Amino acid sequence: AEARAAMVVRQHAQEIMKHLRDTHLPFFLETERFVVEITRSFKPWSEQQLQHLLSHQMDALSSCSLHEPASKETSERLEHALTDLFHGLEQQLEQEKAKGQSTKESPHQATFLATYKPLVTADFMSKDGVYPYATNRELYTRLRKWQVAVRRQLSRLAAPRQLESLSRALSESKGSQMEIPGQYLDMKEPMPDQHVKVERVLPDIEVVDRNLACHRRITIRGNDGKLYHFVVEATGTAISSSDERTLQLCQLMNRCMEKEKQTRRRHMQLHMRPIVGLAPRCRLIQDDPKSISLMEVLEDFLAQ
């Protein structure tokens, strides 16, 4: 039943895309090119893939008692995930070497494997069926140590980079029929004629720390003269849709608060960051450069 429902949804999506292609061909081609360039040019670094994997394991451990022994299932799942990550990178390098077509990321991936694989293997992989940790607390401590180390390594890439080095098509595009992402999230009838269009993508790319992970941030100038910042969240595995579900829940709660007299009088609203999915492993999250998380405040305090 679930497979059939998914097939029906896919068919409806294909029909909508076909209608857009037939009725708004220039807009469709421009949007498609933007999505393709973002997903192709902003592939996750090896450190980002490892960081996403570690964060996922830490989230899974948060619901377990740290005093209990580490379960065999948890240890095997972590070992298999790390093995798949390193094996995938090694296989990619071997294929590029066999074809004689090395990419810009090839030297970086080789350095990553030579540096991280032996150390990660010693900390998490089993030897003769015995893992180097006994309790969930020991495992969590090791995961946290590696997460901090990887974030520190990624923070060294924080110097602004040029968009032209990643995608010449995006850097040269000026004037657009495509709208700024995230303008269809209000529970109101959309008014495309009043929506802000993309004028250009600015050349500087920053590496920012959001939600215990490092991501690249792009800045889009709209035809209203304002700057719109988006974090490109790209991972090596499919992204969970929990954030999108939370966003939908916030939309419903805002709608309820608009109807209630007391909340409407106090202008109470939940602040939402638009999330726009581009692909199963890539999405855009609107970002505010002036914002700072409580985790960043805590880490700055502890560092002092």
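Residues numbered from 1 in each chain as written. Predicted model: local features only at pLDDT ≥ 70, side-chain atom pairs only at ≥ 80, totals over all residues. Heavy atoms only, no water.

*Asks:* Can you walk me through the overall build of the chain in this structure?
*Replies:* Scanning the chain from terminus to terminus reveals 10 helices and seven strands. When its C-alpha atoms are laid out on the principal axes, the chain stretches across 65 × 60 × 55 Å. Across the 304 residues of the chain, 33% fall into the buried class. A separation of at least 24 residues holds for 65% of the contacts in the chain among residues at least 6 apart in sequence. Carbon and sulfur atoms form 55% of the exposed surface of the chain, whose accessible area is close to 19500 Å². Taking the average place of the 43 positive charges on the side chains of the chain and the average place of its 41 negative ones, the gap between the two points comes to 2 Å. (Helix = DSSP H or I, 4+ residues; strand = E, 2+ residues; numbered from the N terminus. Buried < 20%, exposed > 50% of the residue type's maximum accessible area, 1.4 Å probe, protein only. Contact = heavy atoms within 4.5 Å. Areas by Shrake-Rupley, 256 points an atom, 1.4 Å probe, with all protein chains shown as cover. Lys, Arg positive; Asp, Glu negative; His and termini not counted. Charge placed at Lys NZ, Arg CZ, Asp CG, Glu CD.)

*Asks:* What is the right way to read the packing of helix α3 (residues 46–61) against helix α4 (residues 72–99) from this model?
*Replies:* Two quantities define a packed helix pair, namely the angle between the helix axes and the distance between the axes. Where α3 meets α4, the closest approach of the two axes is 11 Å, and the angle between their N-to-C directions is 170 degrees. If you check the angle between α3 and α4, you find them roughly antiparallel. Of the residues in α4, those touching α3 at S46, Q49, L50, L53, Q57, A60 and L61 are T74, R77, L78, A81, L82, L85 and L89. Residue composition of the contact of α3 with α4, grouped by class: nine nonpolar, four polar and one charged. (Axes fitted to C-alpha atoms, helices over the stretch in contact; angles between N-to-C directions. Parallel < 35°, antiparallel > 145°, perpendicular 65-115°, else oblique. Nonpolar A, V, L, I, M, F, W, Y, C, P; charged D, E, K, R; others polar.)

*Asks:* Sorry if this is basic, but what is going on with the side chain of R216 here?
*Replies:* Within the secondary structure, R216 sits in strand β4 (residues 213–222). Since its relative accessible area comes to 6%, R216 is described here as buried. A distance of 2.5 Å separates the side chain of R216 from the backbone oxygen of K43, its partner in a polar contact. (Polar contact = N/O pair within 3.5 Å; in protein donor to acceptor, adjacent residues only side chain to side chain.)

*Asks:* Hey, could you run me through the nonpolar core in this one?
*Replies:* Side chains that are nonpolar tend, in soluble globular proteins, to be buried together. Ranked by size, the top nonpolar core spans 28 residues in total, and within it L50, L78, L82, F124 and L143 carry the most contacts. Secondary structure elements with two or more residues in this core: α3, α4, α5 (106–124) and α6 (136–155). Among the elements that make up this core, the one with the highest residue count is α4 (six residues). Setting aside anything within four residues of it in sequence, one finds L78 in contact with L53, Q57, F124, Y133, L139 and L143. Core analysis: the next-biggest nonpolar cluster, separate from the first, contains 19 residues, F34, L163, V201 and L284 among them. (Core = buried A, V, L, I, M, F, W, Y, C linked by side-chain atoms within 4.5 Å.)

*Asks:* Explain α3 here, please?
*Replies:* The periodicity of an α-helix, 3.6 residues per turn, causes residues three or four places apart in sequence to face the same way. End to end, α3 covers 23 Å across 16 residues, agreeing with the expected 22 Å (1.5 Å per residue, within 8%). Turning to α3, its buried residues number three or more, namely S46, E47, Q48, L50, Q51, L53, L54, S55, Q57, M58 and L61. Among the structural elements, α4, α5, α6 and β4 are those in contact with the buried residues of α3. (Expected span 1.5 Å × (residues − 1).)

*Asks:* What is the right way to look at the environment of D287 in this model?
*Replies:* Considering the arrangement of structural elements, one finds D287 in strand β7 (residues 282–287). Under the relative-accessibility criterion, D287 is labelled buried at 6%. Linking D287 and R273, residues 14 residues apart in sequence, is a C-alpha distance of 7.1 Å. The contact partners of D287, leaving out residues within four places of it in the chain, are R210, R217, H229, F230, V231 and R273.

*Asks:* So what exactly am I meant to see when it comes to the pattern of salt bridges here?
*Replies:* Opposite charge on two side chains lets them pair, provided their charged atoms get close. Summed over the entire model, instances satisfying the criterion amount to 13 salt bridges. A salt bridge links E172 to R168; its shortest N-O distance comes to 3.5 Å. Remark: R168 and E172 occur in helix α7 (residues 168–172); sequence separation between them is four residues, near one turn of the helix. Looking at E172, the relative accessible area reads 53%, which means it is exposed. Residue classification places R168 among the partly exposed positions, given a relative accessible area of 48%. Each of the salt bridges in this network shares a partner with another, and the network as a whole consists of E206, R217, R273 and D287. (Salt bridge = Lys/Arg side-chain N within 4 Å of Asp/Glu carboxyl O.)

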